[in-house]
Amino acid sequence: MEPLGREGFAALSGVSRETLARLETHAELLCRWSARINLVGANTLADPWRRHFLDSAQLLAHVPPGTQTLIDLGSGAGFPGLVLAILGVSGVELIEADARKCAFLREAARLAAAPVTIRNARIEAVPSRIVDVVTARGCAPLDRLLQLARPFIGPDTVCLFLKGEQAAQELTAAGQAWTMDATCHDSRSDPRGVILCLRRVGRREPGVSR
């Protein structure tokens, strides 16, 4: 596919000019900082509006109305959590263990005027609390990802995970240890990708068959 420009992104996402300008601030900082630290794959910088910004923004349609708390696991360069905050999602908390990436996130959030909480910590070290939405992109295989997300999942929590070609296999593997209502949506940014929307996630009781 041809690289997607900022105007193409705006047309696909429907964002306002003001929001687009804030996202562009994030995009410009991403390109500058990526020359010094490994924020994203170097090959993705040729098409950041599709590979990172549209990829993240497409989750907005699946965030339940009235969401007040969202935890983004392994935020990296802010995808998808920081993008969702710029798009208006409330109560976004970005969890990232790499201090250099957290420095980037703080600067990007400041320049883009995004009201987020940035936590420089391993996911396992973050105190448990139930949130409305858990997001992640490329953080871990689904079974491991659900284990990491478990302290933040309540009966009504929605998990939105960006996954690639192995999504079906990961769902099958995770189903050995977890119960969930899973819906797969085609990715708008990558024909090989999917959005996993998980509800009513729980740990399968030992000895209970599927």
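Below, the structure is looked at part by part. These figures come from a predicted structure and were not determined experimentally.

## Here's the deal with the overall build of the protein
Right, on to step 1. The number of helices and strands found in the protein is seven helices and seven strands.
Right, on to step 2. Scanning the protein from its N terminus toward the C terminus, one meets helices and strands in the order α-α-α-β-α-β-α-β-β-α-β-α-β-β.
Right, on to step 3. Along the three orthogonal principal directions, the C-alpha set of the protein runs to about 50 × 35 × 35 Å.
Right, on to step 4. Relative to its full complement of 210 residues, the protein shows a buried share of 51%.

## Observations concerning the packing of aromatic side chains
Right, on to step 1. Applying the stated criterion across every chain, the model contains four aromatic pairs.
Right, on to step 2. Here the aromatic rings of Phe-9 and Trp-49 are separated by 5.1 Å at their centres, their planes lie at 45 degrees, and the arrangement is tilted. Of this pair, Phe-9 sits in helix α1 (residues 6-13) while Trp-49 sits in helix α3 (residues 48-57); the two residues are 40 residues apart in sequence, bridging distant segments of the chain. Neither residue differs from the other here; Phe-9 and Trp-49 are each classed as buried.
Right, on to step 3. Ring centres of Phe-53 and Phe-79 lie 5.1 Å apart, and the angle between their planes is 85 degrees; this geometry places the pair in the edge-to-face category. On the criterion of sequence distance, the pair formed by Phe-53 in helix α3 and Phe-79 in the loop between β1 (70-73) and α4 (81-86) is long-range, its members being 26 residues apart. Phe-79 shares its class with Phe-53; the two are buried.
Right, on to step 4. Here the aromatic residues Phe-9, Trp-49, Phe-53 and Phe-79 are joined through ring pairs into a cluster of three or more.
Right, on to step 5. The side chain of Arg-36 reaches across the aromatic face of Trp-33, ending 5.0 Å from its centre.
Right, on to step 6. A cation over an aromatic ring shows up here: Arg-203 above the ring of Trp-178, its NZ or CZ 4.6 Å from the ring centre.

Each value, and the rule that gives it
Residues numbered from 1 in each chain as written. Predicted model: local features only at pLDDT ≥ 70, side-chain atom pairs only at ≥ 80, totals over all residues. Heavy atoms only, no water. Helix = DSSP H or I, 4+ residues; strand = E, 2+ residues; numbered from the N terminus. Buried < 20%, exposed > 50% of the residue type's maximum accessible area, 1.4 Å probe, protein only. Phe/Tyr/Trp six-rings, centres within 6.5 Å; stacked < 30°, edge-to-face > 60°. Lys NZ or Arg CZ within 6 Å of the ring centre and 35° of its normal.

On their own, these measurements won't tell you what the molecule is for.
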